[in-house]
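# Structural overview
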Amino acid sequence: MSTPTVGVLALQGDVREHFAALAAAGARACAVRRPEELASVDGLVVPGGESTTISKLAALFGLMEPLRERVRAGMPAYGSCAGMILLADKILGAAPVASGAQEQETIGGIDMLVRRNAFGRQNESFEAPLDVKGVQGGPVEGVFIRAPWVESTGERAEILAVHDGHTVAVRQDALLATSFHPELTGDHRVHAMFVEMVRSAQG
C-alpha cells in the first residue's frame, strides 16, 4: 500500500492535529505555505480555523490561484469546518473584504452553498454522533465549533452525513468536506477515507 504525501494548509488553524490524524491513517504529512510546497503533495487538507483569515493569508502568500488550479486539475482535498467553507463554490454570511464590494474568496471546487457559523457561536459548540457514508464501524463523533452547514448542493455533490436536518459532510469527486472536526477526537476514520481517496487518485 502506497504512502501518499498529504499537505496541510498551514497558514492558520488546527494544523498539528491533522498531522497526527494523517500519520495514523497511513499518509506522510507536511506543511504547505508556499506554491512550491503545494506542487509537491498528492493531496491537501484545509484545516479548521477562521476562514476569512485563511483566505486572506492564502492570497498574501500567493497560494489562492495555485490552490484553485490544483483542485481544478483533480488534486484530492479535504476541508474541515473552515476548510469546508473554503472548498465551497458559494458562501452565505461571508465577511466583506476591502471596501465591502467584494466578498470572501474561496478555493471552490464543491458545488455547494455553505452558511458560515450556522450552528452558533464558540460557546454553543457541541459534539454529536454521526453516521457518515463510507465510514465503517459505527458513528463518528462530530465536534462542532462555530461550524458551518451546507444549505444546498449541486447534482455532482454527494451528501455523506446529516445532523438535525442539516448537511454536515459532502463529497464531490476527489473533494471531501465536513462541518465538524474529526482531527480533534482521536478517531482517524474520516482521514483514512480521505487518504484512500488520495491513493485512488494516484492510481
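Shown above is the structure to which this text applies.
It should be emphasised that the depicted structure is a prediction, and the values quoted were computed from it without experimental measurement.

Let's shift gears to the pairing of strand 1 (residues 5-9). Along any regular strand, the residues point their side chains to alternate faces of the sheet. Judged by how many residues are buried, strand 1 sits mostly within the fold: five of five residues are covered. Alternating residues of strand 1 divide into Thr 5, Gly 7 and Leu 9 and Val 6 and Val 8, and every residue in both groups is buried. Read as a crossover between parallel neighbours, the route from strand 1 over helix 1 (residues 15-24) to strand 2 (residues 28-32) is right-handed. Relative to strand 3 (residues 43-46), strand 1 runs parallel, the two being bridged by three bridges. Looking across to strand 3, one finds that Gly 7 is bridged to Leu 44.

Here the focus is the environment of Gln 12. Among the secondary structure elements, Gln 12 is positioned in the loop between strand 1 and helix 1. Spatially, the C-alpha atom of Gln 12 lies 23 Å from that of Met 112, the residues being 100 residues apart in sequence. With residues up to four places along the chain from it excluded, the contact list for Gln 12 reads Pro 47, Gly 48, Gly 49, Glu 50, Thr 53, Ile 54 and Leu 57. Only 2.9 Å separates the side chain of Gln 12 from the backbone nitrogen of Glu 50, close enough to count as a polar contact.

Here we come to the packing of aromatic side chains. All chains considered together, the criterion is met by six aromatic pairs. Aromatic side chains Phe 126 and Phe 144 sit 4.7 Å apart centroid to centroid with 10 degrees between the ring planes, which places their arrangement in the stacked category. Of this pair, Phe 126 sits in strand 9 (residues 126-130) while Phe 144 sits in strand 10 (residues 140-144); the two residues are 18 residues apart in sequence, bridging distant segments of the chain. Each ring, one from Phe 144 and one from Phe 180, has its centre 5.8 Å from the other, and the planes form 55 degrees; the classification is tilted. With Phe 144 in strand 10 and Phe 180 in the loop between strand 14 (175-178) and helix 6 (189-202), the pair connects residues that are 36 residues apart, well separated along the chain. Grouping residues by exposure puts Phe 144 and Phe 180 together as buried. In textbook terms, an aromatic cluster arises when at least three aromatic residues are bridged by ring pairs, as seen for Phe 119, Phe 126, Phe 144, Trp 149 and Phe 180.

Moving on, we get to the layout of surface pockets. Estimates place the volume of the largest pocket at around 190 Å³. Considering the residues around the largest pocket, the lining is formed by 16 residues, among which Gly 49, Glu 50, Cys 81, Ile 145 and Arg 146 are closest to the centre. Residues that form the lining of the largest pocket fall into these classes: five nonpolar, seven polar and four charged. Considered as a void within the structure, the second largest pocket measures approximately 160 Å³ in volume.

Attention now moves to helix 1. The set of residues buried in helix 1 consists of Val 15, His 18, Ala 21 and Leu 22. Buried residues along helix 1 cover an arc of 125 degrees about the axis, so they all sit on one side. Turning to helix 1, the residues buried within the fold contact strand 1, strand 2, strand 3, strand 4 (77-80) and helix 6. Of the residues flanking the end of helix 1, it is Gly 26, one or two places downstream, whose phi is positive at about 95 degrees.

Rules used throughout
- Residues numbered from 1 in each chain as written.
- Predicted model: local features only at pLDDT ≥ 70, side-chain atom pairs only at ≥ 80, totals over all residues.
- Heavy atoms only, no water.
- Buried < 20%, exposed > 50% of the residue type's maximum accessible area, 1.4 Å probe, protein only.
- Helix = DSSP H or I, 4+ residues; strand = E, 2+ residues; numbered from the N terminus.
- Right-handed = clockwise from strand over helix to strand, strands pointing away.
- Pairing = 2+ DSSP bridges.
- Contact = heavy atoms within 4.5 Å.
- Polar contact = N/O pair within 3.5 Å; in protein donor to acceptor, adjacent residues only side chain to side chain.
- Phe/Tyr/Trp six-rings, centres within 6.5 Å; stacked < 30°, edge-to-face > 60°.
- 1 Å grid on protein atoms, 1.4 Å probe; cavity = no way out; pocket = protein on both sides within 12 Å on 5 of 7 lines; lining within 4 Å.
- Points joined across faces, edges and corners; volume = space filled by probe spheres on them.
- Nonpolar A, V, L, I, M, F, W, Y, C, P; charged D, E, K, R; others polar.
- Arc of directions from axis to C-beta.

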